[in-house]
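Descriptive analysis of the structure
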Amino acid sequence: MNEFQKRIFVAGHRGMVGSAIVRCLTEKGYTQILSRSHSELDLTDQAQVRAFFAEERPQEVYVAAAKVGGIHANNSYPAEFIYSNLMVEANLIHESWRTGVSKLLFLGSSCIYPRLAPQPMAEDALLTGKLEPTNEPYAVAKIAGIKLCESYNRQYGCDYRSVMPTNLYGPGDNYHPENSHVLPAMIRRFHEAKLNDAPSVVIWGTGSPKREFLYVDDMARACVHVMDLPRDTYAAHTEVMASHINVGSGEDQSIAELAQTVSDVVGYRGAIQFDTSKPDGAPRKLLDISCIRELGWKPRVSLRAGIALAYEDFCSEELVA
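Right, let's walk through the structure included here.

How each quantity is defined
- Residues numbered from 1 in each chain as written.
- Predicted model: local features only at pLDDT ≥ 70, side-chain atom pairs only at ≥ 80, totals over all residues.
- Heavy atoms only, no water.
- Helix = DSSP H or I, 4+ residues; strand = E, 2+ residues; numbered from the N terminus.
- Buried < 20%, exposed > 50% of the residue type's maximum accessible area, 1.4 Å probe, protein only.
- Core = buried A, V, L, I, M, F, W, Y, C linked by side-chain atoms within 4.5 Å.
- Arc of directions from axis to C-beta.
- Polar contact = N/O pair within 3.5 Å; in protein donor to acceptor, adjacent residues only side chain to side chain.

In the segment running from Gln-119 into Pro-120, the intervening peptide bond is cis, with an omega of -10°. Inspection of the secondary structure assignment puts Pro-120 in the loop between strand 4 (103–107) and helix 5 (136–156). In this structure, Leu-127 is a non-glycine residue whose phi angle is positive, near 65°. Tracing the chain through its elements places Leu-127 in the loop between strand 4 and helix 5. In this structure Leu-127 comes out as exposed when scored by relative accessible area, which is 58%.

Now the structure itself:
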């Protein structure tokens, strides 16, 4: 069989990351990409997932489906975040094993690392300290996903891999006024302030925490790159019980600096204020990406260029809405 005809299931294909992975696979020439919407397949339902795998028999699986959100959403819906993510990853990984899926890639999150982990955060910082309280349930679910992959590898000889992305943004992002992540929330806020000639925009927290961002199509390229690595190469750069690989830009900036960049890109000319009564979250979150760089991947899209592309996407979504 032609390499580009293998059956690849992208779980979460309508999400920001999943849709970017589909774009990347399509650009590379893969023709048998399987996908299901939530109305067609509830990934938290074991019976539905089992029936899907038995019928479709994918050969590779990308676990890009997840319940995600910013500080407000994580604080407001902790039970939903831990339950949904645990069920989705457990069902997908277990049914992949049951039906003989040859390779699987699980997408985690940089929030798996301790709140006060040494910066930049290397892969071996996992499980060395307390998590950030505002997103602990989500982080625990993502850690469980890594350990599911490692456990199936150890017991059954599977080839299931994990990548840990930094904060992602780009086409298909969630711009909800309350439940979005910091960068898309800023894009919406500055855009609306520009339209309304608002004198100022208020940002949560002090503006001092530092964050790292990666354009989602760069992340998709990293996912396909890691999935396509020879098994021996992947194993040589990871450990049996520490098998995840960080993916990021390798650079961070303060929330205040980010706000100024978004303001510039959007074209807002008012003042930027900070509400110090609101939580900051972790003081800094920068990933050590030396491992994936050694494996031959590096980001292509700069932050400012990426924000411009994201803003263009936001504006097109606004016009459609």
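Turning next to the nonpolar core. Residues Phe-9, Ile-21, Tyr-62 and Leu-92 are the most contacted members of the largest nonpolar core, which totals 70 residues. A total of eight residues in this core trace back to one element, the largest contributor, which is helix 7 (residues 216–228). By size, the runner-up hydrophobic cluster in this structure holds 22 residues, among which are Tyr-175, Tyr-268, Leu-303 and Tyr-311.

Time to look at helix 2 (residues 46–56). Because each turn of an α-helix spans 3.6 residues, side chains separated by three or four positions in sequence point in the same direction. Residues Val-49, Phe-52, Phe-53 and Glu-56 constitute the buried set of helix 2. Down the axis of helix 2, the sector holding all buried residues measures 95°, keeping them to one side. The exposed set on the far side of helix 2, more than 90 degrees from its buried face, consists of Ala-47 and Glu-55. Capping the start of helix 2 is the job of one residue whose side-chain oxygen sits 3.0 Å from the backbone nitrogen of Ala-47: Asp-45. Where helix 2 ends, the next residue or the one after it, Arg-57, has phi of about 50°, a positive value.

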